[in-house]
Amino acid sequence: QVQLIESGGGLVQPGGSLRLSCATSGLTFSNYGMGWFRQAPGKEREFAAAISRSTDSTKYADSVKGRFTISRDNAKSTVYLQMNSLKPEDTAVYYCAATSSNLVRVTPWHYNYWGQGTQVTVSS
């Protein structure tokens, strides 16, 4: 049984930082590209960041580029999202996802497995 469990969300003031983690089990982590998506109330799920199987390639949405960093630890089967300089518009439920594709994917339908999400709220 594949599981992806996100953690690290919470309430943070504008300009602050959070680090999200996504611990996986039930899959061979190094065989999967990983992505982070987010969904704000009343909006569609959108791409935030993705990383290839081997960590040598990453992609970011323009809205988070320069502020967010995706990384992975294959030994711990965990992917991370470091979020700095947070803005109120970053408020959303953040989901991690795993894709069997060997390319860095930015569209949700390329992902095979999803976590349950973690809430990030940026507010003063």
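Residues numbered from 1 in each chain as written. Predicted model: local features only at pLDDT ≥ 70, side-chain atom pairs only at ≥ 80, totals over all residues. Heavy atoms only, no water.

## Focus on the state of the cysteines
Item 1. All chains considered together, the criterion is met by one disulfide.
Item 2. Paired through a disulfide, Cys22 and Cys96 show a sulfur-sulfur distance of 1.9 Å. With the S-S dihedral at roughly 40°, the linkage between Cys22 and Cys96 falls on the right-handed side. Of this pair, Cys22 sits in strand E3 (residues 18-25) while Cys96 sits in strand E9 (residues 92-99); the two residues are 74 residues apart in sequence, bridging distant segments of the chain. You'll find Cys22 and Cys96 in the same group, each marked buried. (Disulfide = S-S within 2.5 Å. Helix = DSSP H or I, 4+ residues; strand = E, 2+ residues; numbered from the N terminus. Buried < 20%, exposed > 50% of the residue type's maximum accessible area, 1.4 Å probe, protein only.)

## Considering the nonpolar core
Item 1. By size, the foremost hydrophobic cluster in this structure holds 34 residues, and its most contacted members are Met34, Trp36, Val79, Leu81, Met83 and Tyr94.
Item 2. Counting only elements with at least two residues in this core, the list comes to E3, strand E4 (33-39), strand E5 (46-51), strand E7 (68-73), strand E8 (78-83), E9 and strand E11 (118-122).
Item 3. Excluding its chain neighbours within four sequence positions, the residues that come into contact with Met83 are Gly16, Ser17, Leu18, Leu20, Arg67, Phe68, Tyr94 and Val120. (Core = buried A, V, L, I, M, F, W, Y, C linked by side-chain atoms within 4.5 Å. Contact = heavy atoms within 4.5 Å.)

## Examining the pairing of E3
Item 1. By the bridge criterion, five bridges tie strand E1 (residues 3-7) to E3 in an arrangement that is antiparallel. Bridged to Glu6 within E3 is Cys22.
Item 2. Judged from the six bridges that link them, E3 and E8 form a sheet pairing that is antiparallel. Bridge pairing in E8 links Ser21 to Tyr80. (Pairing = 2+ DSSP bridges.)

## Here's the deal with the side chain of Thr91
Item 1. Relative to the helices and strands, Thr91 is located in the loop between E8 and E9.
Item 2. A distance of 2.9 Å separates a polar side-chain atom of Thr91 from the backbone oxygen of Pro88.
Item 3. At 2.9 Å, the side chain of Thr91 and the backbone nitrogen of Val122 are in polar contact.
Item 4. Residues in contact with Thr91, not counting those within four places in the same chain, are Ala40, Gln119, Val120, Thr121 and Val122. (Polar contact = N/O pair within 3.5 Å; in protein donor to acceptor, adjacent residues only side chain to side chain.)

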